[in-house]
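# Architecture and fold: a report
Letter by letter, the chains look like this.
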Amino acid sequence: MDQINNIRTYDEINQKIKAGNAVIVTAEEMVSIVRDKGVEKAAKHVDVVTTGTFAPMCSSGAFLNIGQMIPTIKTSKVWFNKVPAYGGLAAVDAYLGATEPSEDDPLNKVYPGEFKYGGGHVIEDLLRGKPILLEAKAYGTDCYAARKLKKEITLEDLPYALLCNPRNGYQNYNCAVNRTERTVYTYMGMLKAGLRNATYCSAGELSPLFNDPFYKTIGIGTRIFLGGAQGYVTWHGTQHRPNVQRSDRGVPLTPSGTLMVQGDLKEMSHDWVKGVSILGYGNSLAVGLGIPIPILSLEIAESTGIGDEELFTQVVDYGHDYTNGVSDPLAQVSYAELKSGSIEIEGKQIKTAPLSSVVKARQIAEILKKDIENGTFQLSEPVKLIPGPNQ
Amino acid sequence: MVIIAKTNNRKSVRDNVYTRIYFLKFPKDTSDKPVIFSLIKEHDIEVNILRADILPQREGIMILEIKGSKSNVKKGLAYLEEIGVNIERLAARVRRDDDKCFQCGACTGVCPVDALYIRREDMAVLFDPDKCTGCSQCLLICPVRAMEMSLGKEWMSIDAASSK
Ligand code: SF4
Ligand code: SF4
């Protein structure tokens, strides 16, 4: 554990990147390299492994400063395209959450609700350069006299826009099924009654935290691909749980580590930041995230070489168990099985469907690889690693 | 987003069971009749309500997917006409907006005929319009509304369709 930097350092990697001779491979490529050449050769040969994930991630949002006006205003209630944002910050600061539905949304009154427009869509529309109706109310003070505001703005008009996701990059996630008698609509999608379909939400071997299971390289200040731009890991995410059960290869078997990530919204692209509507559940945001894993040690090379056959998750009943806090997984399945299109539960073959895009995850890993190869993306050494498991 | 498409009256006949979509207009006084109940119970037809906008004592509309044997469907439709419901067959066709689709795969879990499916080698999510029966189940499941349907000549996403 102490010999963490026993193969190469961040400095050495960045020098190789500058010199144009660093060896960068994607996490998928690394799995075959380790399989073919063995981990020692792979560790010697490869400097950086790139990862990626692109899936709906609820704990997302943006800090938006809307700029002052005359007379000045201290906005206490703020709406973007009728989607309420939190105004209890400073005078013209607001936090727009991705899951906030539009104020006039019928929600689940007509079940299952469609959730056509929410905070995530506002963020995407900002990135598309579309005009957004900004409305605000204030109670008025001697220093901030105005009591209301209504105008159209675009992303360009905002003095400051920061994408800030308090929880992203979930290290592993449940596979969802429904063994009750009625169809349920969940954040894991529509689940048919009587175990007739299963959904899962991880890119498996491409997923960032699967490639650094003990958080030996990821921490505060890690530079990442975020929404098409360069962003940073700024803390561990909400619900970060490093102390869960792990496989004999050290990889969590249940949802575990998470990351808080931030980046300048103005540099991002709507290709990698998409508002989503999840039937019967609500609004969210799909965000493209990619993290380069420096191969500092043999141990890290080993982890990046773990493929879908050795990455496992739990099959959880979302018809009853999840809602009622019952922790009684129906089965443990590998990502190789999940990606094959069907899993076997209680002697029954069940069709699986992903919610996380492997195609886009792979694209992110490829973009990151190219950006590092051509020197536009340098690796950063974290100031402090995110908390790992107690030992 | 209105794009002109060719009209297509392709039938979808599988296992001698008809799956068809109808646009129904209910006159004021039918809104309190148990129409759907009768269709299911008395005519042995499977129905799937794709869209409904019905209020008591007002004219209502409903988009209904009807499944059943040819003769049952025929009888069921005759019953609807008898009570004054205006019926229009929808040659619903569905297509994917590939710019919107982010290849998540959620739709592959609901498509009953694997018209939306995953190529396992690279996990690409593909759409085969020839297999699609126009059942429209994927429309609301797609989180970015990339699946669009045409009810006649216009292409639209389900959001646009329901706010019309
Ligand atoms: S409408 Fe959608 S779910 Fe229905 S058959 Fe066509 S592709 Fe499949
Ligand atoms: S659910 Fe929508 S975005 Fe996802 S693969 Fe299907 S069509 Fe594409």
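The shown structure was predicted, so the numbers you read here are calculated from the model rather than taken from an experiment.

### Observations regarding the overall build of chain A
In terms of regular secondary structure, chain A is built from seven helices and 26 strands. Here the C-alpha atoms of chain A give a radius of gyration of 22 Å, agreeing with the 21 Å that 2.2 N^0.38 yields for 391 residues. Principal-axis analysis of the C-alpha atoms gives chain A an extent of 70 × 60 × 35 Å. Look at the contacts in chain A between residues 6 or more apart in sequence, and 73% of them connect residues 24 or more apart.

### Side note on the overall build of chain B
Looking only at helices and strands, chain B features four helices and ten strands. Seen in sequence order, chain B has helices and strands lined up from the N terminus as β-β-α-β-β-α-β-β-β-β-α-β-β-α. Burial statistics for chain B: of 164 residues in total, 37% are counted as buried.

### What about the site of ligand 2?
Taken together, 14 residues surround ligand 2, and among them Cys101, Cys104, Cys107, Val125 and Cys142 of chain B come closest. When its residues are assigned to classes, the shell around ligand 2 shows eleven nonpolar, two polar and one charged.

### Looking at the site of ligand 1
Around ligand 1 sit 14 residues in total, of which Cys111, Ala115, Cys132, Cys135 and Cys138 of chain B are the nearest. The class makeup of the residues in the shell around ligand 1 is ten nonpolar, four polar and no charged.

### Observations concerning the domain arrangement of chain B
Residue and element names in this part refer to chain B. Looking at the assigned domains, one finds that chain B contains domain 1 (13–90) and domain 2 (94–157). Contacts between the two partners involve five residues from domain 1, matched on the other side by five residues from domain 2. When the residues that make up the side of domain 1 that touches domain 2 are grouped by side-chain class, the tally is three nonpolar, one polar and one charged.

### A word on the interface of chain A and chain B
In this assembly, 27 residues from chain A lie in contact with 19 residues from chain B. Contributions of two or more residues to the side of chain A that touches chain B are made by strand E3 (53–56), strand E13 (189–191), strand E19 (273–278), helix H6 (335–340), strand E25 (348–354) and helix H7 (358–373) of chain A. Residue contributions to the side of chain A that touches chain B peak at four residues, all from E19 of chain A. Split by residue class, the side of chain A that touches chain B holds 13 nonpolar, eight polar and six charged.

### Considering the sheet that holds strand E1 (residues 24–26) of chain A
Residue and element names in this part refer to chain A. The three strands lie next to each other as E1-E2-E21, forming an open sheet whose pairing is mixed. Edge strands, defined here as strands with exactly one partner in the open sheet, are E1 and strand E21 (292–294). Between one strand and the next, the sheet's axes are offset by a mean angle of 25°, whatever the strand orientation. Taken together, the three bridges between strand E2 (residues 48–50) and E21 define a ladder with antiparallel strand orientation. Considered in E21, the bridge of Val48 is made with Pro294. On top of the sheet, helix H2 (residues 27–37) reaches E1 and E2; it is set at about 100° to E1, its chief contact.

### Considering the sheet that holds strand E14 (residues 198–200) of chain A
Residues and elements named next belong to chain A. An order of E23-E22-E11-E14-E25-E24 is seen for the six strands of this open sheet, with the pairing classed as mixed. With partners counted over all chains shown, the strands left at the sheet margins are strand E23 (331–334) and strand E24 (342–345), one partner each. Each adjacent strand pair in this sheet contributes to an overall mean axis angle of 35°, direction not counted. Pairing of strand E22 (residues 312–317) with E23 involves four bridges; the strand directions are antiparallel. The residue bridging Phe312 from the neighbouring strand is Ser334, located in E23.

### Points about the packing of helix H1 (residues 35–43) of chain B against helix H2 (residues 70–82) of chain B
A pair of packed helices is characterised by two quantities: the angle between their axes and the separation of those axes. Residue and element names in this part refer to chain B. Their axes nearest at 10 Å, the elements H1 and H2 cross at an angle of 145°. For the crossing formed where H1 meets H2, the hand is right-handed. In contact with Ser38, Leu39 and His43 of H1, H2 contributes Asn72, Lys75, Gly76 and Tyr79. Partitioning the contact of H1 with H2 into residue classes produces two nonpolar, four polar and one charged.

### Section: the environment of Gly194 of chain A
Residue and element names in this part refer to chain A. Relative to the elements of secondary structure, Gly194 occurs in the loop between E13 and E14. Residue Gly194 is classed as partly exposed on the basis of its 14 C-beta neighbours within 10 Å. For the pair formed by Gly194 and Arg179, sequence separation is 15 residues and the distance between their alpha carbons is 4.5 Å. With sequence-adjacent residues up to four places away left out, Gly194 is seen in contact with Arg179 and Glu181.

### Concerning H2 of chain A
Residue and element names in this part refer to chain A. Three or more residues of H2 are buried, namely Ala27, Glu28, Met30, Val31, Ile33 and Val34. Buried residues along H2 sit against E1, helix H3 (39–45), E2, helix H5 (298–304) and H7. Once H2 ends, the next one or two residues include Gly38, with phi positive near 90°.

### Describing unusual backbone geometry
Cis peptide bonds are those with omega within 30 degrees of zero, and the linkage from Ile70 of chain A to Pro71 of chain A qualifies with -5°. Here Pro71 of chain A lies in the loop between strand E4 (61–65) and strand E5 (77–80). Backbone torsion omega between Tyr111 of chain A and Pro112 of chain A reads -10°, so that peptide bond is classified as cis. Structurally, Pro112 of chain A is set in the loop between strand E7 (93–97) and helix H4 (119–127). Look at Tyr215 of chain A: it is not a glycine, yet its phi comes out positive at around 55°. Inspection of the secondary structure puts Tyr215 of chain A in the loop between E14 and strand E15 (219–220). Although it is not a glycine, Asp44 of chain B sits at a positive phi angle of roughly 55°. For Asp44 of chain B, the location among the structural elements is in the loop between H1 and strand E3 (46–53).

Criteria and cut-off values
- Here the residue numbering is sequential within each chain, running from 1 through the sequence in written order.
- To label them, take the chains in the order written and letter them from A, then take the ligands in the order written and number them from 1.
- It should be noted that, the model being predicted, local features are given only for residues of pLDDT at least 70 and side-chain atom pairs only at 80 or more, the latter also being counted only at that level, while totals for whole chains, interfaces and linings use all residues.
- Helix and strand definitions follow DSSP, with helices as H or I runs of at least four residues and strands as E runs of at least two, each counted in order from the N terminus.
- For a compact globule the rule gives 2.2 Å times the number of residues to the power 0.38, and the radius of gyration it is set against comes from C-alpha atoms.
- What counts as a contact is two residues whose backbone-derived C-beta atoms lie within 7 Å of each other.
- Around each residue's C-beta, the other C-beta atoms within 10 Å are counted; 20 or more make the residue buried, 12 or fewer make it exposed, and counts in between make it partly exposed. All C-beta atoms are placed from the backbone.
- Using a C-beta atom placed from the backbone, a residue is scored as near a molecule or strand whenever that atom is within 6 Å of it.
- Nonpolar residues are Ala, Val, Leu, Ile, Met, Phe, Trp, Tyr, Cys and Pro. Charged residues are Asp, Glu, Lys and Arg, and all others, Gly as well, are polar.
- Residue ranges for the domains originate in an automatic or database domain assignment.
- Here a strand pair is declared whenever DSSP counts at least two bridges between the two strands.
- To define axes, lines are fitted to C-alpha atoms, for helices over the stretch in contact only, and angles between the resulting N-to-C directions are given on a 0 to 180 degree scale.
- Here a crossing is called left-handed whenever its near helix is offset anticlockwise from the far helix by less than a right angle, and right-handed whenever the offset is clockwise.

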